[in-house]
Amino acid sequence: MKYNVEEIQKKIHIGQLEGIGERLEEDIAGILNRAGIYFRIFSRAKTPFSIATKLEKEGYGFGIKEKKLQDLIGLRVVAYYYDDINIIRTALEKTFRRVGEWSMTDNTEVEFKASKLNGVFRLPDEYQRIYNGDISRVPAELTFEVQLRTISFEGWHEIEHDMRYKSPYGDEFWRNNEDLSRTLNCVLANLELCDWSTISVFDQLSYYHYGEGNWEMMLKGKFRLRFAAQPLAPELIQFLDENPSVAYSLYRCSRDQVVFALLREGSHEHITYNLLLKVANETVADYDGKLKKRLARICNEVTREDKAVRGERLDLKPLDVTPAFQLNVILSHNSSVELHQEFMSAVQMIGNWARSRFHNIANDIPITPEDYELHVAGYNLKILGNVSLGIYRLELDYVDITRKGVVWRTNVSLEKSSRIRMKVTCDYCHPPDRLVRDSFAKPRFVDEIFRKIGYEDVLPMSLKPRKIQNMEDVRELSAFIANSDRNLPVVLAVEEDDEERQINISRLAETVGTYAHVYLVDKKAVPGLVEASDYTREELMGAVWVTFRDGGDKFFTREMIEDSRFDFNKYAFDQGNVYEKAFRHKLVRLIKEKNC
């Protein structure tokens, strides 16, 4: 073999790839479950032997015209209904970043093959960052392949793969048995007919129930979704009985459009007939406006989301610690208010936050600087406080009830001298063998203290971008960036000639203004910025510049901003400027990562 299996096993961490595949499986399953469609999903990582074997084939290599392995991680999504394939395909394209074109089965009118659809997607950055294997020695990419199939063809693909197209005997296996090969084609033809016939049967059944006024069964046959065991509300049945034209409009709704509307609707653990009727009425159905409003009111009254939390047994292990938030600032001081009063106010806000976290655990948590301890299963709280010394420290640990094996740990301290210094650290503790996404957790009291007292990091922090309008402002900004006492990053966005292309700097400041300084440079001040920097006017217009205390500054030109794309698009169904939102998301993530 060209590639040594043992070397591949040592360099390419298959265990990590398997873990990433499992997380991608969870990500995709979460999307499809919200859509309510029937599916099965499987993931796998290629074995070292499989990698070496595939790279033996012609065409793989590092050359310009050679191809690289793209399926180190593979997922297979099996749809129960043929028309769900396009829904799944669209959801994947909107969520992940596709590489190349989809590969489809090349059927002709005289030939039948097992139908499938294969797509390759870029591995999201959040998963690339936690993968520390080395693929540089083999022609492979950090991508994952998704195969889409119907349930009819799922088992047949393995037969086809092993007994026909990938047979180790080549054409010899079927030589002189063309009649049997033709018979196999007949079986495939029947499988394809099954896919089409199944949909036709349920369409006709839905139409029958529409004619009979069986509204719930009409919805079941028409939309073929995984409905919860909750019947259609009597109020909705009565409304449809009294308004058959509305029932007809709902029956005529496009199934694909309703499914995508369910995805846009938000988080829900299951699909109910009431929810589907509500979503279809609000987004797809087209009929008399007054009747739509009446139905909307009824739907809003009867729809309720199931918020049940299911517990799982967990085999606990020592936890790894990942920083989730850090802040080191001076509290602002109002000369008309005593410093002691500001200290006590800050303590009260932190104490109230601890009370809200532990409100079902303890009712005696102090909101003044005094010693206190609480230790119960899964929850620990320790407070050290001294009013006369102006010291307050809180240490809090609690189990995350929504994610298995996860513990949040928060430490906060206040020290009063001539001013009040506040330090906050928040950690995300998790099992070492479980891959986790980057977590950012800013405790609620951080924003509350900011609103009521304020923060300073050499300069006061602000949730609104500061304007740089002239040369004097540029000089002051340069001095501030160079100040060694500054702890937090500075974000500098240069005003764009075209307002529609301008990054939403106000939204950015609202998001990161408590842990980053945000500035907007007026076009009139650009000549001064050119003079104070190494960049030209053309490079600066519409650019964003981020400086950190410890170096590692980032400069993004207008072209780089416009080229921003989501490789894991959690906002795929949102409205708005895609590249601007993608860049702002990237910028916020960069600042959060530096914070942690």
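A quick note: this is a predicted structure, and the numbers were derived from the prediction, not measured.

**Student:** How should the overall build of the chain be read in this particular structure?
**Tutor:** Per the secondary structure count, the chain includes 21 helices and 18 strands. Put simply, the chain has 596 residues, and 45% of those count as buried. For the chain, long-range pairs separated by at least 24 residues make up 67% of all intrachain contacts whose partners lie at least 6 apart in sequence. Summing over all exposed atoms, the chain offers an accessible surface of approximately 31100 Å²; the carbon and sulfur share of this is 48%.

**Student:** Would you take a moment to explain the side chain of His 517 for this structure?
**Tutor:** Inspection of the secondary structure assignment puts His 517 in strand S16 (residues 517–521). With relative accessibility at 1%, the residue His 517 sits in the buried group. Of the polar contacts made by the side chain of His 517, one reaches the side chain of Asp 457; its length is 2.9 Å. In this structure, His 517 is in contact with Asp 457, Leu 459, Pro 460, Met 461, Arg 466, Phe 480, Leu 488, Pro 489, Val 490 and Val 491, ignoring residues within four places of it in sequence.

**Student:** Hey, could you run me through the sheet that holds strand S2 (residues 73–79) in this one?
**Tutor:** The five strands are arranged S1-S2-S5-S4-S3 in an open sheet whose pairing can be described as mixed. Each edge of the open sheet carries a strand with a single partner, namely strand S1 (39–45) and strand S3 (98–104). Put simply, the sheet's adjacent strands are angled 15° from each other on average, direction ignored. Direction of pairing for S1 relative to S2: antiparallel, over a ladder of seven bridges. Within S2, the residue paired with Phe 39 across the bridge is Ala 79. Here helix H2 (residues 14–35) sits on the sheet and contacts S1, S2 and strand S5 (143–150); the angle it forms with S1, its principal contact strand, is near 165°.

**Student:** Where do I start with the packing of helix H9 (residues 234–242) against helix H13 (residues 289–302) in this structure?
**Tutor:** For any two helices packed against each other, one specifies the crossing angle of their axes together with the interaxial distance. Running from N to C, H9 and H13 point in directions that differ by 165°, and their axes come no closer than 9 Å. In terms of axis orientation, H9 runs roughly antiparallel to H13. As for the relative orientation of H9 and H13, their crossing is left-handed in sense. Across the interface between the two elements, Glu 235, Leu 236 and Phe 239 from H9 touch Leu 291, Arg 294, Leu 295, Ile 298, Cys 299 and Val 302 from H13.

**Student:** I'm lost on the pairing of strand S15 (residues 490–494) in this one. Help?
**Tutor:** Note on strand geometry: in a regular strand, side chains alternate between the two faces of the sheet. Within S15, five of the five residues are buried, which leaves it mostly tucked inside the rest of the structure. Across the two faces of S15 the burial is the same, with Val 490, Leu 492 and Val 494 and Val 491 and Ala 493 all buried. Two strands pair when backbone bridges link them, and S15 and S16 are joined in this way by five bridges, in the parallel orientation. Its bridge partner being in S16, Val 494 is matched across the sheet by Val 521. Viewed along the sheet, the connection from S15 through helix H17 (residues 505–512) into S16 turns out right-handed. Note: S15 against strand S17 (residues 544–547), four bridges, orientation antiparallel. The residue of S17 that forms the bridge with Leu 492 is Trp 545.

**Student:** Would you take a moment to explain the pattern of salt bridges for this structure?
**Tutor:** Side-chain pairs of opposite charge can arise where the charged atoms are in close proximity. Using the criterion set out here, one finds 26 salt bridges in the structure. Here Asp 522 and Lys 467 are joined by a salt bridge, their closest N and O atoms 3.7 Å apart. Of the two residues, Asp 522 sits in the loop between S16 and helix H18 (526–532) while Lys 467 sits in strand S14 (residues 466–468), which places them 55 residues apart along the sequence. Relative accessible area serves as the criterion here: at 37%, Lys 467 is assigned to the partly exposed category. When the shortest N-O distance is used, the salt bridge between Arg 475 and Glu 472 registers 3.4 Å.

**Student:** Just checking my understanding: could you explain the packing of helix H14 (residues 339–357) against helix H15 (residues 444–452) for this structure?
**Tutor:** Following both chains from N to C, one finds H14 and H15 inclined at 150°, their axes separated by 9 Å at the closest point. On the basis of their axis angle, the class for H14 and H15 is roughly antiparallel. Judged by the twist between their axes, the crossing of H14 over H15 is right-handed. Residues Ala 346, Met 349, Ile 350, Asn 352, Trp 353 and Ser 356 of H14 form the contact with H15, whose own contacting residues are Arg 444, Phe 445, Glu 448, Ile 449 and Lys 452. Classifying every residue of the contact of H14 with H15 by side-chain character gives six nonpolar, two polar and three charged.

**Student:** Can you help me understand the confidence of the model for the chain in this one?
**Tutor:** Reading predicted coordinates in detail is not appropriate for stretches of low pLDDT. Scored by pLDDT, the chain comes out at a mean of 87, with 89% of its residues at no less than 70. Under a pLDDT of 50 for its full length, residues 305–312 has, in the predicted model, 10 contacts with residues more than four places off or in other chains.

**Student:** It is not clear to me how H14 should be interpreted in this structure. Could you clarify?
**Tutor:** Each α-helix winds once per 3.6 residues, and so residues spaced three or four apart point in a common direction. Taking 1.5 Å of rise per residue, 19 residues should cover 27 Å, and H14 covers 28 Å from first to last C-alpha, within 8% of that figure. Lining the buried residues of H14 we find strand S6 (320–331), strand S9 (391–399), strand S10 (407–416), strand S11 (420–430) and H15.

**Student:** Help me out: how do you make sense of the packing of aromatic side chains in this one?
**Tutor:** Each aromatic ring pair is characterised by the separation of its centres together with the angle its planes make. Scanning the entire structure with this criterion turns up 25 aromatic pairs. Between Phe 96 and Phe 121 the ring centres are 6.3 Å apart and the planes differ by 65°, which places this aromatic pair in the edge-to-face class. Of this pair, Phe 96 sits in the loop between helix H4 (84–95) and S3 while Phe 121 sits in strand S4 (residues 117–122), and the two are 25 residues apart along the sequence. Ring centres of Phe 358 and Tyr 379 lie 5.5 Å apart, and the angle between their planes is 85°; on these two criteria the pair is classed as edge-to-face.

Criteria and cut-off values
Residues numbered from 1 in each chain as written. Predicted model: local features only at pLDDT ≥ 70, side-chain atom pairs only at ≥ 80, totals over all residues. Heavy atoms only, no water. Helix = DSSP H or I, 4+ residues; strand = E, 2+ residues; numbered from the N terminus. Buried < 20%, exposed > 50% of the residue type's maximum accessible area, 1.4 Å probe, protein only. Contact = heavy atoms within 4.5 Å. Areas by Shrake-Rupley, 256 points an atom, 1.4 Å probe, with all protein chains shown as cover. Polar contact = N/O pair within 3.5 Å; in protein donor to acceptor, adjacent residues only side chain to side chain. Pairing = 2+ DSSP bridges. Axes fitted to C-alpha atoms, helices over the stretch in contact; angles between N-to-C directions. Parallel < 35°, antiparallel > 145°, perpendicular 65-115°, else oblique. Left-handed = near helix turned anticlockwise from the far one by under 90°. Right-handed = clockwise from strand over helix to strand, strands pointing away. Salt bridge = Lys/Arg side-chain N within 4 Å of Asp/Glu carboxyl O. Nonpolar A, V, L, I, M, F, W, Y, C, P; charged D, E, K, R; others polar. pLDDT = per-residue confidence, 0-100. Expected span 1.5 Å × (residues − 1). Phe/Tyr/Trp six-rings, centres within 6.5 Å; stacked < 30°, edge-to-face > 60°.

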